[in-house]
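# Geometric and topological summary
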Amino acid sequence: MRDDRLFLEVPVASRYVVQILEQKLGPTGIPPYQLGLVTHIRHAQPVTPTAIAAASGIPVTTLRDNIQRLVDVGLVRRLPNPADGRSYLLELTSRGEVMARAADPVLAEGYAALERLLPKPLDHYQAAIAELNAALEASLAELSGDVPDAVRP
């Protein structure tokens, strides 16, 4: 019999992360969904939406609406992309930087609590999640028929 735990446990872990973020970020007024996207942009800015989609796993079509919301509330700005006139780059506004910095101590507290309870160092889990996400992305591409022939065994 196949062990189905992975597909069951990963969403559970995701829900716990969301609950922690909602609990810790609630008093700051920062919605977790905004902080995630702002953080991706913060770490890679200036960055294309395509690069953010790859890093976050959010489809570009969904990302466009979320980016527009961030632009509308003044957290992110679009810049011309000198490498591709059809694209644009994203960077945080000063308001976006303030929001991200306000979340830093809250996130540090959440990470500290988690690290105290983990039996192995946090880096171990981060590496495992990165490997898992890469394999899931490749599996999705394979199941969708999007794998180039050169990659097929």
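Everything quoted here is computed from the prediction, not taken from an experiment.

Looking now at the overall build of the protein chain. When helices and strands are tallied, the protein chain shows 6 helices and 2 strands. Mapped from its N terminus to its C terminus, the protein chain presents α and β elements in the order α-α-α-α-β-β-α-α. Along the first, second and third principal axes, the C-alpha atoms of the protein chain reach 55 × 45 × 25 Å. Residues counted as buried form 20% of the 153 residues belonging to the protein chain. Taking as baseline every contact in the protein chain between residues at least 6 positions apart, the subset at least 24 positions apart corresponds to 49%.

Take a nonpolar patch on the surface next. On the surface, L6, F7, V10 and L136 cluster together into a nonpolar patch covering about 370 Å² of accessible area. Of all the elements, helix α1 (residues 5-25) adds the most residues to the nonpolar patch, at 3 residues. The residue V10 is located in helix α1 in this model. Take V10: its relative accessible area is 35%, and that puts it in the partly exposed class.

Going through the model one piece at a time under the given rule, you end up with 0 aromatic pairs. Lying across the ring of Y88, R78 places its NZ or CZ 5.1 Å from the centre.

Look at α1 against helix α5 (residues 94-117): their axes get within 10 Å of each other, and the N-to-C directions meet at 130°. Classified by the angle between their axes, α1 and α5 sit oblique to one another. The way α1 lies across α5 gives a crossing that is right-handed. Contacts between α1 and α5 involve L21, K24 and L25 from the former and A103, V106, L107 and E109 from the latter.

Further remarks concern the layout of surface pockets. Considered as a void within the structure, the largest pocket measures approximately 2500 Å³ in volume. In terms of lining, the largest pocket is formed by 46 residues, of which the most central are S14, V17, Y111, I129 and N133. Within the residue set of the lining of the largest pocket, elements represented by two or more residues are α1, α2 (32-44), α3 (49-56), α5 and α6 (122-144). A per-class count over the lining of the largest pocket returns 31 nonpolar, 10 polar and 5 charged.

This part takes up the environment of A44. Within the secondary structure, A44 is located in helix α2. Each C-alpha atom of the pair A44 and L90 lies 9.1 Å from the other, and the pair is 46 residues apart in sequence.

Right, let's talk about helix α4 (residues 60-72) for a bit. Over its 13 residues, α4 extends 18 Å from the first C-alpha to the last, a length consistent with the 18 Å expected when each residue adds 1.5 Å. Contacts from the buried residues of α4 go to α2, α3, β1 (76-80) and β2 (88-92). Count one or two residues on from α4 and you reach G74, which has phi positive near 80°.

Let us look at unusual backbone geometry. Residue P46 is reached from Q45 by a cis peptide bond, and omega for that bond is -10°. By the element assignment, P46 lies in the loop between α2 and α3.

Cut-off values and rules
- Counting starts from 1 at the beginning of each chain's written sequence and moves along it residue by residue.
- Predicted model: local features are reported for residues with pLDDT of at least 70 only, side-chain atom pairs are reported and counted for 80 or more only, and whole-chain, interface and lining totals are derived from all residues.
- Where side-chain values are given, they derive from all heavy atoms of the structure, hydrogens and water being excluded.
- Only DSSP runs of H or I covering at least 4 residues are called helices, and only runs of E covering at least 2 are called strands; the numbering of each starts at the N terminus.
- Remark: exposure states derive from per-residue accessible area (1.4 Å probe, protein chains only) relative to the maximum for the residue type, with buried under 20%, exposed over 50%, and partly exposed in between.
- Contact between two residues is taken to exist if any of their heavy atoms lie within 4.5 Å; hydrogens are not considered.
- Candidate patch residues must exceed 30% relative accessible area and have no salt bridge, after which like charges are joined if within 9 Å and Val, Leu, Ile, Met, Phe, Trp or Tyr side chains if within 5 Å.
- Methods summary: accessible areas were calculated by the Shrake-Rupley approach with a probe of 1.4 Å, and residue burial reflects only the protein chains presented.
- Salt bridge, as applied in this entry: a Lys or Arg side-chain nitrogen positioned within 4 Å of an Asp or Glu carboxyl oxygen.
- Within 6.5 Å between ring centres, the rings of Phe, Tyr and Trp (the latter by its six-membered ring) count as paired, and their orientation is classed by plane angle as stacked under 30 degrees, edge-to-face over 60, tilted in between.
- Only when the NZ of Lys or the CZ of Arg is both within 6 Å of the ring centre and within 35 degrees of the ring normal is a charge said to sit over the ring.
- Only the stretch in contact is used when fitting a helix axis, every axis being a line fitted to C-alpha atoms; angles between N-to-C directions are given from 0 to 180 degrees.
- Angles are sorted into four bins: roughly parallel if under 35 degrees, roughly antiparallel if over 145, roughly perpendicular if 65 to 115, and oblique for all others.
- Handedness of each helix crossing follows the sense of rotation of the near helix against the far helix: counterclockwise by less than a right angle gives left-handed, clockwise gives right-handed.
- Method remark: on a 1 Å grid restricted to protein atoms, a set of points is classed as a cavity if a 1.4 Å probe fits but cannot get out and as a pocket if it is open with protein on both sides within 12 Å along at least five of seven lines; lining residues have an atom within 4 Å of a point.
- Grid points are joined across faces, edges and corners, and a volume is the space filled by probe spheres set on the points.
- Under this grouping Gly is polar, as are all residues other than the nonpolar Ala, Val, Leu, Ile, Met, Phe, Trp, Tyr, Cys and Pro and the charged Asp, Glu, Lys and Arg.
- By this rule the span expected of a helix is its residue count minus one, scaled by 1.5 Å.

Remember, this is a structural readout, not a statement about activity or role.
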